[in-house]
Amino acid sequence: TSVHNLAFNLRDRFQQRGVPSDLDESIEPKRAALLRPPGHSLRSMSLDNKFAISLQGRFKQRGVPSDL
């Protein structure tokens, strides 16, 4: 979906430029998708490895336990 693509592109831009807000913006749409009920087609897209990598990267950068 377009939300998934936006999150992916923002994460890539963060990796290239290092702007923290890009990483934040890449995480939030995927986190919101987790609120969808199990079985919803968009929920499974939010549970991909890239989401976990983004959370881990933000934890390493800022040390916020809620990202783990």
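Look up: the structure comes first, before these words.
Residues numbered from 1 in each chain as written. Predicted model: local features only at pLDDT ≥ 70, side-chain atom pairs only at ≥ 80, totals over all residues. Heavy atoms only, no water.

*Asks:* Got a sec to walk through the overall build of the protein chain? Specific residues and values, please.
*Replies:* Helix and strand content of the protein chain: 4 helices and 0 strands. When its helices and strands are written in sequence order, the protein chain yields α-α-α-α. For 68 residues, the compact-globule formula gives about 11 Å, and the C-alpha radius of gyration of the protein chain, at 12 Å, lands near that figure. For the protein chain, the spread of C-alpha atoms along the principal axes amounts to about 35 × 25 × 15 Å. Out of the 68 residues in the protein chain, the part that is buried amounts to 25%. Restricting to contacts in the protein chain with at least 6 residues of sequence separation, those with at least 24 account for 48%. The average position of the 11 basic charges and that of the 7 acidic charges among the side chains of the protein chain differ by 4 Å. (Helix = DSSP H or I, 4+ residues; strand = E, 2+ residues; numbered from the N terminus. Rg over C-alpha atoms; globule rule 2.2 N^0.38 Å. Buried < 20%, exposed > 50% of the residue type's maximum accessible area, 1.4 Å probe, protein only. Contact = heavy atoms within 4.5 Å. Lys, Arg positive; Asp, Glu negative; His and termini not counted. Charge placed at Lys NZ, Arg CZ, Asp CG, Glu CD.)

*Asks:* Which residues make up the packing of helix α1 (residues 2-17) against helix α2 (residues 20-33), and what are the values?
*Replies:* It is the contact of α1 with α2, at a shortest axis distance of 8 Å, that shows an interaxial angle of 155°. With respect to α2, the axis of α1 lies roughly antiparallel. Along this stretch, α1 crosses α2, giving a crossing that reads as left-handed. Residues Val3, His4, Ala7, Leu10, Arg11, Arg13 and Phe14 of α1 form the contact with α2, whose own contacting residues are Pro20, Asp22, Leu23, Glu25, Ser26, Pro29 and Lys30. (Axes fitted to C-alpha atoms, helices over the stretch in contact; angles between N-to-C directions. Parallel < 35°, antiparallel > 145°, perpendicular 65-115°, else oblique. Left-handed = near helix turned anticlockwise from the far one by under 90°.)

*Asks:* Provide a residue-level description of the environment of Arg43, including the pertinent values.
*Replies:* Position of Arg43 relative to the elements: it lies in helix α3 (residues 41-46). Residue class for Arg43 comes out partly exposed when judged on its relative accessible area of 22%. Residues Arg43 and Asp22, spaced 21 residues apart in sequence, show a C-alpha to C-alpha distance of 22 Å. The contacts of Arg43, once residues within four sequence positions are left out, are Ala33, Leu34, Arg36, Pro37 and Pro38.

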